[in-house]
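Reading the structure
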Amino acid sequence: MATVRHRPEALELLEAQTKFTKKELQILYRGFKNECPSGIVNEETFKDIYSQFFPQGDASNYAHFLFNAFDTDHNGSVSFEDFVMGLSTLLRGTIQEKLNWAFNLYDINKDGYITKEEMLDIMKAIYDMMGKCTYPLVREDTPKQHVENFFQVRQTHESREVYDMKGLFRDLY
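Residues numbered from 1 in each chain as written. Predicted model: local features only at pLDDT ≥ 70, side-chain atom pairs only at ≥ 80, totals over all residues. Heavy atoms only, no water.

Rule in force here: UniProt positions are given in the numbering used here, feature names are shortened, and annotations may be inferred rather than shown by experiment.
Per an unreviewed UniProt entry, the protein chain goes by Kv channel-interacting protein 4 and derives from Engystomops pustulosus. Under the UniProt heading Sequence similarities (unreviewed entry), the entry covering the protein chain gives this text: "Belongs to the recoverin family."

Things to note about the nonpolar core
One broad trend across soluble globular proteins is that nonpolar side chains are buried collectively. Formally: Among buried residues, the Ala, Val, Leu, Ile, Met, Phe, Trp, Tyr and Cys ones that are joined through side-chain atoms within 4.5 Å form a nonpolar core. In this scheme, a residue with accessible area under 20% of its type's maximum is buried, one over 50% is exposed, and one in between is partly exposed, where area comes from a 1.4 Å probe on protein chains only. The way it works is that DSSP assigns letters per residue, a run of H or I at least four long becomes a helix, a run of E at least two long becomes a strand, and they are numbered from the N terminus. Should any heavy atoms of two residues lie within 4.5 Å, those residues are considered in contact.
Formed by 36 residues in total, the largest nonpolar core has its most connected members in Leu25, Phe46, Tyr50, Tyr62, Leu66, Leu105 and Met119. Counting residues per element, the ones that place at least two in this core are helix H1 (11-17), helix H2 (22-35), helix H3 (43-51), helix H4 (60-70), helix H5 (80-92), helix H6 (95-106), helix H7 (116-130) and helix H8 (142-155). No other element matches H4, which puts seven residues into this core. Not counting residues up to four positions away in its chain, the partners in contact with tyrosine 62 are Tyr50, Leu105, Ile122, Ala125, Ile126 and Met129.

Some details on H3
Residues three or four positions apart in an α-helix share a direction because the helix packs 3.6 residues into each turn. How we decide: Each direction from the helix axis to a C-beta atom contributes to the arc, which is the arc of those directions. Polar contacts here mean pairs of N or O atoms no more than 3.5 Å apart (in protein, one a potential hydrogen donor and the other a potential acceptor; neighbouring residues in sequence count only if both atoms are side-chain atoms).
Of the residues making up H3, those classed as buried are Glu43, Phe46, Lys47, Ile49 and Tyr50. Viewed end-on, H3 has its buried residues packed into an arc of 165°, placing them on one side of the element. The N-cap residue of H3 is asparagine 42: its side-chain oxygen and the backbone nitrogen of glutamate 44 are 3.2 Å apart.

Structural notes on the UniProt feature "domain: EF-hand" (unreviewed entry) in the protein chain
Mapped onto this numbering, the UniProt entry gives "domain: EF-hand" (unreviewed entry) at residues 58-93 and 94-129. Strand forms 8% of residues 58-93 and helix 67%; the C-alpha atoms that close the span are 29 Å apart. Helix and strand shares over residues 94-129 are 72% and 8% respectively, and the end C-alpha atoms of the span are 27 Å apart.

Here's the deal with the side chain of serine 77
Within the secondary structure, serine 77 sits in strand E2 (residues 77-79). Setting aside its immediate chain neighbours within four residues, serine 77 contacts Ile40, Val41, Phe67, Asp71 and Asp82.

Digging into the packing of aromatic side chains
Keep this limit in mind: Between 30 and 60 degrees the pair is tilted, below 30 it is stacked and above 60 it is edge-to-face, where a pair is any two Phe, Tyr or Trp rings, Trp via its six-membered ring, whose centres lie within 6.5 Å.
All told, the structure shown has 11 aromatic pairs when counted by the stated rule. Ring geometry for tyrosine 50 against tyrosine 62: centres 6.1 Å apart, planes inclined by 35°, an arrangement best described as tilted. Here tyrosine 50, found in helix H3, pairs with tyrosine 62, found in helix H4; they are 12 residues apart in sequence, far enough to count as distant. The exposure classification of tyrosine 50 matches that of tyrosine 62, with both residues buried. Cluster of aromatic residues (ring-pair linked, three or more members): Tyr29, Phe32, Phe46, Tyr50, Phe53, Phe54, Tyr62, Phe67, Phe70, Phe80, Phe83 and Trp101.

Quick look at the structure:
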């Protein structure tokens, strides 16, 4: 059985769609192909790769949310194009582009709102990823407390328990 390989779009097209140079794209592609020889990465492989950056904790939940943010067409895999488009936004995007990307990460069910539950899921995943060896030590209720504080500040402006995109951006900037 032959291995299916994904070939990226022409580098010139990716260069036009991202804020990377052709040389940077070539370097990124070499690294991507080194970790993902097929040219695409599934969620389990993504989690394995991501967990190498956070050996002191459990990065699997956060990597799941991150994978879903990179998998923009929701086909269960991240191609090189998906990866560099997201990376371009995160590294060189405008404030608005970065906020949109972050909002997409936190809006787990993609309904255009961030609920307390969604934010708590992300916060717990971040704390799990950082591990128990942090200083100062993190109490078990810290993620919930951070979310409660965030929503309490928001509720002084509105009495809703969700954030819509415009409200979130207005409060942040």
